[in-house]
Amino acid sequence: MAKGTTTRPYSETRLAKFVERRVLELKPRKTQSLISSEAGFAQHNMLTNIKAGNSKLPLDRVPALAKALECDPALLFMMAVEQLGGDTTEFAIRKIFGTLVTENETAWLEEIRKASDYSDPSLTSRARTVLRGIFGK
């Protein structure tokens, strides 16, 4: 590493990129300082460090930061777990709680249930293709 260069170990994580994007999206209504206060960070530069990838998000701060960023706490939690690195924590969470589902994903599941008359349809290759087509994949 070159002299004077700082490392940003979490800069390429989904969480750092997500927080950066949400802060920009909320800018017309909230300052970064207000978001940091709403999240309960004692030091306002903590949000800057998370956004820049210098620090990871402590799991106990997820609910408050999710509220401040006006986002789904399950989504933010999943990204915070990814920052921990290693598969053991993520594996333990999945083993205990199953697949975590966001509010938006829950709404999709409810619509699938209604559309199928609650028949528990299997995911066929045709259905998978149609679903991927919705997202341009």
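Everything below is about the structure shown above.
Because the structure is predicted, anything quoted here is derived from the model rather than measured. (Residues numbered from 1 in each chain as written. Predicted model: local features only at pLDDT ≥ 70, side-chain atom pairs only at ≥ 80, totals over all residues. Heavy atoms only, no water.)

A. Expanded view of the layout of surface pockets. As a volume, the largest pocket reaches approximately 900 Å³. Elements represented by at least two residues in the lining of the largest pocket include exactly helix 7 (103-115) and helix 8 (125-134). Looking at the lining of the largest pocket residue by residue, the class counts come to 13 nonpolar, 6 polar and 8 charged. (1 Å grid on protein atoms, 1.4 Å probe; cavity = no way out; pocket = protein on both sides within 12 Å on 5 of 7 lines; lining within 4 Å. Points joined across faces, edges and corners; volume = space filled by probe spheres on them. Helix = DSSP H or I, 4+ residues; strand = E, 2+ residues; numbered from the N terminus. Nonpolar A, V, L, I, M, F, W, Y, C, P; charged D, E, K, R; others polar.)

B. Spatial organisation of the pattern of salt bridges. Counted by the stated rule, this structure contains 10 salt bridges. Here Arg 14 ties to Glu 82 by a salt bridge, and the two come within 2.8 Å at their closest N and O atoms. In this pair, Arg 14 sits in helix 1 (residues 14-26) while Glu 82 sits in helix 5 (residues 73-84), placing the two residues 68 residues apart along the sequence. Glu 82 gets classed as partly exposed once you look at its relative accessible area, which sits at 37%. Ionic pairing is found between Glu 70 and Arg 29, a salt bridge with its closest N-O pair at 2.6 Å. On the criterion of sequence distance, the pair formed by Glu 70 in the loop between helix 4 (62-69) and helix 5 and Arg 29 in the loop between helix 1 and helix 2 (32-38) is long-range, its members being 41 residues apart. You can call Arg 29 exposed: its relative accessible area is 56%. Taken together, the shared-partner salt bridges in this structure form one network comprising Arg 29, Lys 30, Glu 38 and Glu 70. (Salt bridge = Lys/Arg side-chain N within 4 Å of Asp/Glu carboxyl O. Buried < 20%, exposed > 50% of the residue type's maximum accessible area, 1.4 Å probe, protein only.)

C. A look at the environment of Tyr 10. Note on placement: Tyr 10 falls in the segment before helix 1. Separated by 80 residues in the primary sequence, Tyr 10 and Glu 90 have C-alpha atoms spaced 17 Å apart. Apart from residues no more than four positions distant in its own chain, Tyr 10 is found in contact with Ala 16, Gly 53, Asn 54, Ser 55, Lys 56 and Gln 83. (Contact = heavy atoms within 4.5 Å.)

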